[in-house]
Amino acid sequence: MRKLVLAASVALLAACSAPQQEQINFMPKATLSNSDLVQGSTFTLTSKDVRSAQYVALVDSGRSNIEPIHSKQNVRIAIENALAEQFNSQGFRSTVNSENSVVVEIQEALVTVKHSVMENEMDGKVTIEVTAETPKGKLVKTYTGTGSRSGMLSASNEEVEQVLNDVTNLVVQEIANDSELRTYMQERF
């Protein structure tokens, strides 16, 4: 019994001392509308993350070592919450059993970082597909945002975080300002 307790203690201490994987904050912001487009139109909002991997950044330090960085927040839930807040500000109400639906599909959310001791180059890309569906039909649109940033020295996690959040916010803003999507939801929901 003592050996079992000792072995468990050693395993627990080893797990605690193992290096933790680095993570960044992913916090997309909703683009809020100043006035309601509709009054009380309802829809059901669902989302899915179809990315092939769950990391949000790949850091290539040039020493044949590529390190993934994950988000502290769930990417799918963070984007869904931002879009729900955005649609609510336009007057649409999210419910669980509406015949109207909006499906958000996260296809890509990644920052690739190439850096050395002297400089860094970051490229971010976010792709989100939005499907607005009613019993009368559906509208499917894909929104893509890209951004690049370079700097001196190696890139910090805060800089990677800023590129990811900035590019995501551009896509969320594009969804908010898309007159075709707004008109479709306004007329059919």
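Everything that follows concerns the structure shown earlier in this document.
Residues numbered from 1 in each chain as written. Predicted model: local features only at pLDDT ≥ 70, side-chain atom pairs only at ≥ 80, totals over all residues. Heavy atoms only, no water.

J.: So what's going on with helix α3 (residues 157-177)? Which residues, and what values?
T.: For α3, which comprises 21 residues, the first-to-last C-alpha distance of 30 Å matches the rise-based estimate of 30 Å (1.5 Å per residue) to within 8%. Of the residues making up α3, those classed as buried are N157, V160, V163, L164, N165, V167, T168, N169, V171, V172, I175 and A176. (Helix = DSSP H or I, 4+ residues; strand = E, 2+ residues; numbered from the N terminus. Expected span 1.5 Å × (residues − 1). Buried < 20%, exposed > 50% of the residue type's maximum accessible area, 1.4 Å probe, protein only.)

J.: Go over the packing of aromatic side chains, please, and point to the residues and values.
T.: Describing an aromatic ring pair means giving the distance of the ring centres and the angle of the ring planes. As enumerated under the stated definition, the model contains four aromatic pairs in all. Ring centres of F43 and F92 lie 6.4 Å apart, and the angle between their planes is 85°; on these two criteria the pair is classed as edge-to-face. Pair noted here: F43 is in strand β2 (residues 42-49) and F92 is in the loop between α2 (75-89) and β5 (93-94), with a separation of 49 residues, a long-range link. The two residues F43 and F92 agree in class, both being buried. Aromatic side chains F92 and F189 sit 6.1 Å apart centroid to centroid with 85° between the ring planes, which places their arrangement in the edge-to-face category. (Phe/Tyr/Trp six-rings, centres within 6.5 Å; stacked < 30°, edge-to-face > 60°.)

J.: Residue-level account of the nonpolar core, with values.
T.: Formed by 41 residues in total, the largest nonpolar core has its most connected members in V102 and I175. Where this core is concerned, the elements lending two or more residues are β2, β3 (57-60), α2, β6 (101-115), β7 (119-134), β8 (137-152), α3 and α4 (179-188). Beyond its immediate chain neighbours, meaning those up to four positions away, I175 contacts L83, Q86, F87, I128, V130, Y143 and L181. (Core = buried A, V, L, I, M, F, W, Y, C linked by side-chain atoms within 4.5 Å. Contact = heavy atoms within 4.5 Å.)

J.: I'd like to hear about the pairing of β6, residue by residue, with values.
T.: Bridging between β2 and β6 involves six bridges; their strand directions are parallel. Looking at β6, one finds that T46 is bridged to V103. Both β3 and β6 contribute to a ladder of four bridges, which runs parallel. The residue of β6 that forms the bridge with L58 is T112. Of the strand pairs in this sheet, β6 and β7 are connected by 14 bridges, and their pairing is antiparallel. The partner of A109 across the bridge, within β7, is V126. Connecting the antiparallel pair β6 and β7 is a turn made up of three residues. (Pairing = 2+ DSSP bridges.)

J.: Describe the pattern of salt bridges, naming the residues involved and giving the relevant values.
T.: Going through the model one piece at a time under the given rule, you end up with eight salt bridges. Its salt-bridge partner being D49, residue R51 comes within 2.8 Å of it at the nearest N-O pair. With a relative accessible area of 9%, R51 lands in the buried category. Close ionic contact of E159 with R149 constitutes a salt bridge, the shortest N to O distance being 3.9 Å. Here the residue E159 occupies a position in helix α3, and R149 occupies one in strand β8, the gap between them amounting to ten residues. Here E159 falls in the partly exposed class, since its relative accessible area comes to 23%. Several salt bridges converge on common partners, so that one network encompasses K141, D178 and E180. (Salt bridge = Lys/Arg side-chain N within 4 Å of Asp/Glu carboxyl O.)

By themselves these figures say nothing about function.
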